[in-house]
Amino acid sequence: MFNLETVPAAFKAARLLKSPIILDFVGIHSIEKVCEIARFYERKYLEVMVVLNLDHDKTYEQAIREICASYTSLMVDLSTLPFQENVLEVREIVKIAYSVGVSVEAELWPRGVGHEYSKTRDSGLTNPKKAIEYVKQTNVHCLAVAVGTCHGT
């Protein structure tokens, strides 16, 4: 969701299609405001099952704010940190999140962006052994991996 006006449209579409939805927000709006609006529509559309996720948390503090605001999942992107520092921070986020039923996805390596694809396609590809070690050390539910793809512009 790139703006708050799309929230009611997503709920209406989900009700029409009899489908659950994942509302995935980027960090351009107030974490708490987004959650309040989504929860308002969740109460209005009781038949719609919804998961609220904020994409690409960049700090430990932001992840904790989301947990406190009642998000149901987090995508923590500490991929610019050194491996061990990333592990330590994500492991702490996971402990807190899991204690209140919030799932956590993490990103280990920065992926390239669309306009740099020809330069970044093969740099930073996920090392499978490091990925396994990372998941074991952090206990994340999901790991965003780099397999030669990119996103954004």
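Residues numbered from 1 in each chain as written. Predicted model: local features only at pLDDT ≥ 70, side-chain atom pairs only at ≥ 80, totals over all residues. Heavy atoms only, no water.

Draft legend 1. Structural context of the overall build of the chain. The secondary structure content of the chain amounts to six helices and five strands. Helices and strands appear in the chain in the N-to-C order α-β-α-β-α-β-α-β-α-α-β. Across the 153 residues of the chain, 40% fall into the buried class. Here the contacts in the chain between residues at least 6 apart in sequence split such that 64% fall between residues at least 24 apart. For the chain, the exposed area adds up to about 8700 Å²; of that, 60% sits on carbon and sulfur atoms. (Helix = DSSP H or I, 4+ residues; strand = E, 2+ residues; numbered from the N terminus. Buried < 20%, exposed > 50% of the residue type's maximum accessible area, 1.4 Å probe, protein only. Contact = heavy atoms within 4.5 Å. Areas by Shrake-Rupley, 256 points an atom, 1.4 Å probe, with all protein chains shown as cover.)

Draft legend 2. Local environment of the sheet that holds strand β2 (residues 50–57). Across the sheet, which stays open at both edges, the five strands sit in the order β1-β2-β3-β4-β5 with parallel pairing between neighbours. Two strands bound the open sheet, and with one partner strand each, they are β1 (21–26) and β5 (142–144). On average, each strand axis in the sheet is inclined to that of its neighbour by 20 degrees, with strand direction left out of account. The sheet contact formed by strand β3 (residues 73–77) and strand β4 (residues 103–107) spans five bridges and is parallel. Across the sheet, D77 pairs through a bridge with E107, a residue of β4. Contacts from helix α2 (residues 31–44) reach β1 and β2 within the one sheet, and its direction differs from that of β2 by about 165 degrees. (Pairing = 2+ DSSP bridges. Axes fitted to C-alpha atoms, helices over the stretch in contact; angles between N-to-C directions.)

All quantities given are derived from atomic positions and should not be read as evidence of function.
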